[in-house]
Amino acid sequence: MSTYDLLVVGSANADLVVGVDRRPGAGETVLGSDLVVHPGGKGANQAVAAARLGARTALLARVGDDGHGRLLRDSMESAGVDTSGVLVGGAPTGVALITVDPSGDNSIVVSPGANGRLTPEDVRAAGELFAGAEVVSVMLEIPLESVAEVARSVADGARLVLNPSPPAPLPDEVLAVCDPLIVNEHEAKVILGTELKASPEEWAGQLLALGPRSVVVTLGSEGALVADAQGTQRVAPVKVKAVDTTGAGDAFTAALGWRLGAGESLADAAAYAARVGAAAVTKEGAQASYPTAEEVAALCCASPGDNPRTPGRKNEGATTGGDEEQGPLL
């Protein structure tokens, strides 16, 4: 029996969040809300999201020996994440500077810090974590050579999930192991190296031709599309009122990886992940917004006008089936 349902290899950042009425243009200054600091980073986010859902989860990452690093470790441990693979030192903890507008959309600038010091040697030294993992999830907020080492380290019979964010061209050896490669439209453009003029089904076919075993294309308010050698299938969006989209895409990826490891089909796992991502946008912050499995189940059953995180209670216009669709493209 495996030790972990999901091993996440990636970044851990402190999210410095400011609300703004609108994003500033070039050379412009705008006033924002009070600064709020949340634990974040795509790797830590995924680990916490999976653990909240009930997955046995571990994280391989690097943080600084500082207050932000302690904040991150405390958040992960309180969620039930195995942090034995969280290395300390080498640089200050990574920081994400985030602005959130009234619609819940965000803009993010990341200073990698210690994330940039997670080396291939660190990956090789974590052999026990890889040997015990059903699914390994990785992203591109760590050095690409370390991502390649992750692809080489996945145990026989285990599955690699990759969200190439921030996007960059990927080596063939990495693409060949992805099962699935998870991209939004912007990431698909970068991976394919061309403008996308065809349908999402055709993008998925072009991505599969690069070597991944399967592909998931997230389509925002239109839901998602899954593709593998058996064909393509659309996944319906989940309608909620978005409060803050920060980190919801990480929740989608974590939930997808966990359900795949549990033996669900790609389409069923993506449908579940879409509900998790939708639940996440109904609360502020990244890790603080992640739902439990019970909250995800409640989201499916909430009536129009109910708060999907506490079904049966009216709350600030948050609805399922309301006037704003929030899918997994975040």
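Residues numbered from 1 in each chain as written. Predicted model: local features only at pLDDT ≥ 70, side-chain atom pairs only at ≥ 80, totals over all residues. Heavy atoms only, no water.

With that settled, consider the overall build of the protein chain. Check the secondary structure of the protein chain and you find 11 helices and 13 strands. Computed over its C-alpha atoms, the radius of gyration of the protein chain comes to 19 Å, within 12% of the 20 Å expected for a compact globule of 330 residues. Seen through its C-alpha atoms, the protein chain measures out along the principal axes to roughly 50 × 50 × 45 Å. The buried share of the protein chain, taken over its 330 residues, is 55%. Considering only contacts within the protein chain whose residues lie at least 6 apart along the sequence, 65% involve residues at least 24 apart. Measuring between centres, the 24 positive side-chain charges of the protein chain sit 2 Å from its 42 negative side-chain charges. (Helix = DSSP H or I, 4+ residues; strand = E, 2+ residues; numbered from the N terminus. Rg over C-alpha atoms; globule rule 2.2 N^0.38 Å. Buried < 20%, exposed > 50% of the residue type's maximum accessible area, 1.4 Å probe, protein only. Contact = heavy atoms within 4.5 Å. Lys, Arg positive; Asp, Glu negative; His and termini not counted. Charge placed at Lys NZ, Arg CZ, Asp CG, Glu CD.)

This brings us to the environment of Leu208. With respect to the helices and strands, the residue Leu208 is situated in helix H8 (residues 200-208). For the pair Leu208 and Ala227, spaced 19 residues apart in sequence, the C-alpha to C-alpha distance is 7.9 Å.

With that out of the way, let us pick up the packing of aromatic side chains. A ring pair, where both rings are aromatic, is described by two values, the distance of the centres and the angle of the planes. Scanning the entire structure with this criterion turns up 1 aromatic pair. Between Trp258 and Tyr272, the ring centres sit 6.2 Å apart and the planes meet at 70°, which makes this aromatic pair edge-to-face. Note that Trp258 is positioned in helix H9 (residues 248-261) and Tyr272 in helix H10 (residues 266-280), a separation of 14 residues in sequence. Classification of Trp258 as buried rests on a relative accessible area of 12%. (Phe/Tyr/Trp six-rings, centres within 6.5 Å; stacked < 30°, edge-to-face > 60°.)

Turning next to the sheet that holds strand E8 (residues 133-139). Taken in spatial order, the 9 strands of this open sheet run E5-E4-E1-E8-E9-E10-E11-E12-E13, and their pairing is mixed. Sheet topology places strand E5 (82-88) and strand E13 (231-235) at the edges, where each strand pairs with a single neighbour. Sheet twist, expressed as the mean angle between neighbouring strand axes with direction ignored, is 15°. Across the sheet, helix H5 (residues 144-153) touches strand E1 (4-9), E8 and strand E9 (159-163), and the angle it forms with E8 is around 165°. (Pairing = 2+ DSSP bridges. Axes fitted to C-alpha atoms, helices over the stretch in contact; angles between N-to-C directions.)

Turning next to a nonpolar patch on the surface. Where nonpolar side chains cluster on the molecular surface, the patch consists of Leu35, Val37 and Leu71 and spans about 230 Å² of accessible area. Inspection of the secondary structure assignment puts Leu35 in the loop between strand E2 (13-19) and strand E3 (36-40). (Patch = residues over 30% accessible without salt bridge, like charges linked within 9 Å, V, L, I, M, F, W, Y side chains within 5 Å. Areas by Shrake-Rupley, 256 points an atom, 1.4 Å probe, with all protein chains shown as cover. Salt bridge = Lys/Arg side-chain N within 4 Å of Asp/Glu carboxyl O.)

Attention shifts here to the nonpolar core. By size, the foremost hydrophobic cluster in this structure holds 54 residues, and its most contacted members are Leu59, Met76 and Leu256. For this core, the element with the highest residue contribution is H10, accounting for 11 residues. Leaving out residues up to four positions away in the same chain, Met76 has contacts with Ala44, Val48, Leu59, Val81, Thr83 and Val86. The next biggest cluster of nonpolar side chains, apart from the first, holds 42 residues, and it includes Leu175, Cys178, Leu192 and Leu207. (Core = buried A, V, L, I, M, F, W, Y, C linked by side-chain atoms within 4.5 Å.)

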